[in-house]
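Okay, here's what each chain looks like letter by letter:
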Amino acid sequence: MDHYDPQQTNDYMQPEEDWDRDLLLDPAWEKQQRKTFTAWCNSHLRKAGTQIENIEEDFRDGLKLMLLLEVISGERLAKPERGKMRVHKISNVNKALDFIASKGVKLVSIGAEEIVDGNVKMTLGMIWTIILRFAIQDISVEETSAKEGLLLWCQRKTAPYKNVNIQNFHISWKDGLGFCALIHRHRPELIDYGKLRKDDPLTNLNTAFDVAEKYLDIPKMLDAEDIVGTARPDEKAIMTYVSSFYHAFSGAQKAETAANRICKVLAVNQENEQLMEDYEKLASDLLEWIRRTIPWLENRAPENTMQAMQQKLEDFRDYRRLHKPPKVQEKCQLEINFNTLQTKLRLSNRPAFMPSEGKMVSDINNAWGGLEQAEKGYEEWLLNEIRRLERLDHLAEKFRQKASIHESWTDGKEAMLQQKDYETATLSEIKALLKKHEAFESDLAAHQDRVEQIAAIAQELNELDYYDSPSVNARCQKICDQWDNLGALTQKRREALERTEKLLETIDQLYLEYAKRAAPFNNWMEGAMEDLQDTFIVHTIEEIQVRQLVPRRDQALMEEHARQQQNERLRKQFGAQANVIGPWIQTKMEEIGRISIEMHGTLEDQLNHLRQYEKSIVNYKPKIDQLEGDHQLIQEALIFDNKHTNYTMEHIRVGWEQLLTTIARTINEVENQILTRDAKGISQEQMNEFRASFNHFDRDHSGTLGPEEFKACLISLGYDIGNDAQKKTGMMDCEDFRACLISMGYNMGEAEFARIMSIVDPNRLGVVTFQAFIDFMSRETADTDTADQVMASFKILAGDKNYITVDELRRELPPDQAEYCIARMAPYNGRDAVPGALDYMSFSTALYGESDL
């Protein structure tokens, strides 16, 4: 109960002491008081499941009187007497009167015997005393209380309404507009005030009484006819009824405040849950994309043609330029969302978010590392395969050229070697044939080297796993078999020619004489035959072909020279750009790192500076795209080395992705620091102190502290973790810090340090960010809602019950938040449970992670 001033009540009650001598002599007032006080008592007794019909009769045994006092005070009275005798009744009434007196109320001319005897005047006086103490005395408005406070409240609430002028608790209410104005001020949807008329008091009063009973749970305590028909309505009846409006709307205000607190907490929880769902979905989608992509990158099945492999290279370029960059952004956004969520959870006094198994940030980083490893191996394999296919294409073309030349040369040779022309030839013809055959044998020997080259090329194609090796092997085998056959036919023809020559020489001896005589003719014949034979043997088509090949070769050399010049231009063009872009990216990374750890200006200054950097970085993207275009030309030209730069396109891509990720993460870190600073009231000086300490121990400038660095940082700030206790004693300088380390010997309890690490590194990444650091250093200063406060708010909405119903939730909360609670609240199983009762206590606890929601 609120503080009670007995003197205040005595002062207020003094002018009312004569009520029992004069005022109740007016029957109209007594009637009004009977009705009003009876209704007021019943509005409280119904909470205990009972009521009264006759005010002077039903309180005579003191039982319902004691019950009424227990209900309105919330306290237990002495155990009542259950006997039917007068002495028992007097005892009970005295217990009630003693309880009233214990609250500092002076009872004037009211005794237990008179109540037991059913004295109407005394009973009404006693009830009025109770109403004053428990319904009116504690009303306080602008440093006025009780009656004056209630009157001032009415005046304040009705001030904006025309034709309403509340000056007292009797005639100011006769026209009913005052009651209607009170209702309309708090619940404008219940009454159309503009349609009310001052000259129709009955309608106004009945409207107010009906609406109050139906929508505000205020029972009818007055009759409109009695109010209108009485020159001066009973002040006590009016005050009692008006006080019910005050408490109804005051309770509504409390309920509204409680509902607002609950809505605020639920909104935070709903937002956090949405962020968690978004994280889980984004993490699942990203992991699924990685899971699908890695097998594609690990697929090393070679293609048969250069065209097919170049298409794979083109697909890989699309992957790096079109498909992967959005995933890099998603990964960066995932980490940003995770860090923002953890910050919001810490600031709202909620436990850290633990993603589903396999979806931690570290899990995603590991999966991403696997993706990039597969990606790196895939590009190397692609380039090696293209080199291999380029070599294979060259060898295959060389094989085809040499095989074609050889096959062209051998065309008809077997038929020529199998001719029987020597059978009808003369000796001179035989000798000519032998000379021709010797020339052929020389030519055959010269072609031996080409055949061996063809076989060697075929062997190399087999060793390099040429896809069309079977056809190459078949052609090579055919050439080799034909070559062997040519050798055999050549030997056979030589033997035949030599036998024939020997035979003809013998015959020639026989015709020697004849030959001498026919010498002139024979000489002429032989000369003609030689001429004919020379024409036939002359260097033939090969010589002509050689003369044709020389200019072709010159043309090919010129084309190759031009191609190499173009390749060199491409190398220089790519190198010139890469040598600018690579250092630019590195410089930007270093500048961002400096901005994020320097303490120049406010956090807002840092944020603005970083956003300017982000804009300049995004505007640089066309240069990256231009470099990608040059890189594509280099790959299409099958250029695999570049002496003009140490930067590869992959170096630039990775650096660019890291730059975008770093600027986004850094901006998010500063935004979260601002959230933490504002939520916890950290001054700029404190922020600078935290940053200076953090930077001192962040020796590798990584933006994070390892466990040992963090431990040393805590010691430097005066946190004694050696005794598993935590005391902030102030800032230490370097010498103090050294002395601290020596004296303590890093004497930190492992249990306490493990507890602290679980706070600052809930996801067990092994590092402490500056955001987690400042949150830890200021974690006790936040003004946040607690589970107990939310529980108390639900208790108000539930009307002090230990449970709340579905209807109450839907009546008091917005639809989406009501359904949110209904879906998550467990059934209430207490002894006082009713159908549909829900357990708001465990729900409130679960909101703050102290149990499962």
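As the structure is a computational prediction, the values presented were derived from the model and not from experiment.

1. Considerations on the overall build of the protein
Piece 1. Along its length, the protein carries 32 helices and seven strands.
Piece 2. Counting over 853 residues, the protein shows a buried share of 44%.
Piece 3. Restricting the contact set of the protein to residue pairs at least 6 apart, pairs at least 24 apart contribute 73%.
Piece 4. With the model as given, the accessible surface of the protein reaches about 44,100 Å², and the carbon-plus-sulfur share is 51%.

2. Observations regarding the pattern of salt bridges
Piece 1. Counting across every chain of the model gives 56 salt bridges.
Piece 2. Here D285 makes a salt bridge to K281, at a shortest N to O gap of 2.9 Å. Of this pair, D285 and K281 both sit in helix α12 (residues 235-298), four residues apart, roughly one helical turn.
Piece 3. Taking the relative accessible area as the measure of exposure, D285 reaches 36% and is therefore partly exposed.
Piece 4. According to the relative accessible area criterion, K281 is exposed, its value standing at 54%.
Piece 5. Between R494 and E438 there is a salt bridge whose closest N-O contact spans 3.9 Å. One end of the pair, R494, is in helix α17 (residues 469-510); the other, E438, is in helix α16 (residues 427-463), and 56 residues separate them in sequence.
Piece 6. The network of salt bridges with common partners includes R320, R321, K324, E372, E375, E628, E650, R653 and E657.

3. Description of the packing of α12 against helix α29 (residues 787-797)
Piece 1. α29 packs onto α12 with a crossing angle of 135° between their chain directions and a minimal axis gap of 8 Å. One element, α12, and the other, α29, form an angle in the oblique class. With respect to the hand of their crossing, α12 and α29 are arranged in left-handed fashion. Residues K254, A255, A258, A259, R261, I262 and V265 of α12 touch α29, and the partners they reach there are Q789, V790, S793, F794, I796 and L797.
Piece 2. Tallied by class, residues from the contact of α12 with α29 come to nine nonpolar, two polar and two charged.

4. Some points on helix α8 (residues 146-158)
In an α-helix there are 3.6 residues to a turn, and that puts residues three or four apart on one side.
Piece 1. Helix length check: α8, at 13 residues, gives a terminal C-alpha distance of 18 Å against a target of 18 Å (1.5 Å per residue), a fit within 8%.
Piece 2. Of all the residues in α8, the buried ones are A146, K147, G149, L150, L151, L152, W153, C154 and T158.

5. As for the confidence of the model for the protein
Piece 1. In this model, the protein carries an average pLDDT of 82, and 85% of its residues clear a pLDDT of 70 or more.
Piece 2. The element-level mean pLDDT for the protein is lowest in helix α1 (residues 6-13), coming to 34, with helix α10 (residues 201-215) highest at 94.
Piece 3. Below a pLDDT of 50 lies the segment residues 1-25, which in the model reaches 41 contacts outside its immediate sequence neighbourhood of four places, other chains included.
Piece 4. Confidence over residues 722-748 falls short of pLDDT 50; this stretch has 54 contacts with residues more than four positions distant or in other chains.

6. Regarding the nonpolar core
Piece 1. I130, F179 and F245 are the most contacted members of the largest nonpolar core, which has 77 residues in total.
Piece 2. For this core, the element with the most residues is helix α7 (residues 120-136), which contributes 12 residues.
Piece 3. Not counting residues up to four positions away in its chain, the partners in contact with F245 are W153, F179, L182, I183, A212, L216 and I218.
Piece 4. With 52 residues, the next largest nonpolar core counts M309, Y319, L341 and F353 among its residues.

7. Description of the packing of aromatic side chains
Piece 1. A full pass over the atoms with the stated rule returns 28 aromatic pairs.
Piece 2. In textbook terms, an aromatic cluster arises when at least three aromatic residues are bridged by ring pairs, as seen for F169, W173, F179, F209, Y241, F245 and F249.
Piece 3. Here the basic side chain of R133 rests over the ring of F134, its NZ or CZ set 5.2 Å away from the ring centre.
Piece 4. The cationic tip of K413 hangs over the ring face of W409; the distance from NZ or CZ to the ring centre is 4.9 Å.

8. A look at helix α28 (residues 770-777)
Piece 1. With eight of its eight residues buried, α28 lies for the most part within the structure.
Piece 2. Within α28, burial applies to F770, Q771, A772, F773, I774, D775, F776 and M777.

9. Things to note about unusual backbone geometry
Piece 1. The phi angle at N163 is positive, at roughly 65°, despite the residue not being glycine.
Piece 2. Counting through the fold element by element, N163 comes out in the loop between α8 and α9 (177-186).
Piece 3. Overall, N163 belongs to the partly exposed group, its relative accessible area being 47%.
Piece 4. With a phi angle near 60°, D465 is a residue other than glycine that sits in the positive phi range.

10. What to know about the environment of I581
Piece 1. In this structure, I581 sits in helix α20 (residues 540-597).
Piece 2. I581 gets classed as buried once you look at its relative accessible area, which sits at 3%.
Piece 3. Taking the C-alpha atoms as reference points, I581 and W656, separated by 75 residues in sequence, lie 9.3 Å from one another.

11. Examining the side chain of D630
Piece 1. Position of D630 relative to the elements: it lies in helix α22 (residues 621-636).
Piece 2. No salt bridge forms around the buried D630; measuring N to O, its nearest opposite-charge neighbour R321 is 9.5 Å away.
Piece 3. With residues up to four places along the chain from it excluded, the contact list for D630 reads Q573, F574 and Q577.

12. Topic: the packing of helix α13 (residues 306-347) against α22
Piece 1. As a packed pair, α13 and α22 sit with axes 12 Å apart at the nearest point and diverge in direction by 170°. The orientation of α13 with respect to α22, classified from their angle, is roughly antiparallel. The way α13 lies across α22 gives a crossing that is right-handed. Residues Q310, L313, E314, R317 and R321 of α13 form the contact with α22, whose participating residues are D625, E628, G629, Q632, Q635 and E636.
Piece 2. Considering only residue class, the contact of α13 with α22 consists of one nonpolar, four polar and six charged.

13. Focus on the environment of F169
Piece 1. Mapped onto the elements of the fold, F169 is located in the loop between α8 and α9.
Piece 2. Sequence spacing of F169 and D234 is 65 residues, and the spatial spacing of their C-alpha atoms is 8.0 Å.
Piece 3. Those residues in contact with F169 that lie beyond four places of it in its chain are K147, L150, L151, C154, D234, E235, I238, M239 and V242.

14. Concerning the sheet that holds strand β5 (residues 804-805)
Piece 1. Spatial strand order, β5-β7-β6: three strands in an open sheet with antiparallel pairing. Of all strands in the sheet, those with a lone pairing partner are β5 and β6 (826-827), marking the two edges.
Piece 2. As paired strands, β6 and strand β7 (residues 837-839) are joined by two bridges and run antiparallel to one another. Within β7, the residue paired with P827 across the bridge is L838.
Piece 3. On top of the sheet, helix α32 (residues 840-847) reaches β5 and β7; it is set at about 30° to β7, its chief contact.

About the cut-offs
Residues numbered from 1 in each chain as written. Predicted model: local features only at pLDDT ≥ 70, side-chain atom pairs only at ≥ 80, totals over all residues. Heavy atoms only, no water. Helix = DSSP H or I, 4+ residues; strand = E, 2+ residues; numbered from the N terminus. Buried < 20%, exposed > 50% of the residue type's maximum accessible area, 1.4 Å probe, protein only. Contact = heavy atoms within 4.5 Å. Areas by Shrake-Rupley, 256 points an atom, 1.4 Å probe, with all protein chains shown as cover. Salt bridge = Lys/Arg side-chain N within 4 Å of Asp/Glu carboxyl O. Axes fitted to C-alpha atoms, helices over the stretch in contact; angles between N-to-C directions. Parallel < 35°, antiparallel > 145°, perpendicular 65-115°, else oblique. Left-handed = near helix turned anticlockwise from the far one by under 90°. Nonpolar A, V, L, I, M, F, W, Y, C, P; charged D, E, K, R; others polar. Expected span 1.5 Å × (residues − 1). pLDDT = per-residue confidence, 0-100. Core = buried A, V, L, I, M, F, W, Y, C linked by side-chain atoms within 4.5 Å. Phe/Tyr/Trp six-rings, centres within 6.5 Å; stacked < 30°, edge-to-face > 60°. Lys NZ or Arg CZ within 6 Å of the ring centre and 35° of its normal. Lys, Arg positive; Asp, Glu negative; His and termini not counted. Pairing = 2+ DSSP bridges.

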